[in-house]
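# A closer look at the structure
Listed below, chain by chain, are the residues.
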Amino acid sequence: FETVSAGAMIDLTDSRHDPRQGIRFGIERKFPKNNNPDNSDYFVTDMDLALYIPFFQKDTLVFNIYRSMATVTREGLVDEAQLRAEKGLGCFLGMPLYEQCYAAETKQILEIQSANKYGSASSIGGSNRLRAYNARRFRAGNSAFYGMEYRYNFSSEEEEVNLFFIGGIKTLFQLAVFAEAGTVNDDASQLTENLKPSYGIGF
């Protein structure tokens, strides 16, 4: 799997690494390389907006909006019968657990069909967005994320770590309380439906 990407960022914050105030907007276009003619050719556009507001003496309130959309330039294989013949699980009547096999095959075929028809935008889930779920948990032709985070800094100064196997790394101990929501859908007009919540505390 290879992807070529190009992007730009407007950063009007006070720190590239850990900002306390300002606004940041980034846009990136990704072109996944496709060596299989059965798969669609598409590109992905990601947009990310973050607002940082200083709070009390050391703390920061963060708001984040993220949107990703796939645009198909050449549609791949979407015919269900042909997909079953080429990508199926080999289910046949009379085999043990036929119903379960056919249900699993149908799910797989629908996912391939959907990916070829709509493309695959950047997924959500994992340490960056929708942290209550596994990495890349949700994927479709469009994805959206909304997050709010309260960051409590235990100190206002970065401290250098000099351990036997780690050296020259500066760190800032921070407690983060976050509340997030995200969703994916092949239909961009339905992105406000079925939002998945995510909230917790990180250190």
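Use the structure listed above.
Below or above, wherever it landed, is the structure these notes cover.

## Focus on the sheet that holds strand β5 (residues 142-153)
Strand order in the open sheet made by the seven strands is β1-β2-β3-β4-β5-β8-β9, with antiparallel pairing throughout. On the outer flanks of this sheet lie β1 (3-13) and β9 (196-202), each paired with one strand and no other. Ignoring strand direction, the axes of neighbouring strands in this sheet form an average angle of 10°. With 15 bridges connecting them, strand β3 (residues 41-55) and strand β4 (residues 59-74) associate as antiparallel partners. Within β4, the residue paired with Met-47 across the bridge is Arg-67.

## Examining the packing of helix α1 (residues 80-87) against helix α2 (residues 98-118)
Axis separation between α1 and α2 bottoms out at 10 Å; the angle between their running directions is 115°. Judged by the angle between their axes, α1 and α2 are roughly perpendicular. As for how α1 packs across α2, the hand of that crossing is right-handed. Across from Glu-80, Leu-83, Arg-84 and Lys-87 in α1, the residues of α2 making contact are Tyr-102, Glu-105, Thr-106, Gln-108, Ile-109, Ile-112 and Gln-113.

Rules used throughout
Here, residues in each chain are numbered from 1, in the same order as that chain's written sequence. A pLDDT threshold of at least 70 governs which residues receive local features in this predicted model, and a stricter bar of 80 or more applies before side-chain atom pairs are shown or counted, although totals over entire chains, interfaces and linings include all residues. Heavy atoms throughout the structure, all of them, feed into the side-chain values; hydrogens and water do not. Strands are labelled as partners when DSSP assigns at least two bridges between them. Each helix is a run of DSSP H or I of at least 4 residues and each strand a run of E of at least 2, with the numbering of both proceeding from the N terminus. Axes here refer to lines fitted to C-alpha atoms; in helices the fit is confined to the stretch in contact. Angles between the N-to-C directions go from 0 to 180 degrees. Should an angle fall under 35 degrees it is taken as roughly parallel, and over 145 as roughly antiparallel, whereas 65 to 115 is taken as roughly perpendicular and any remaining angle as oblique. Here a crossing is called left-handed whenever its near helix is offset anticlockwise from the far helix by less than a right angle, and right-handed whenever the offset is clockwise. Should any heavy atoms of two residues lie within 4.5 Å, those residues are considered in contact.

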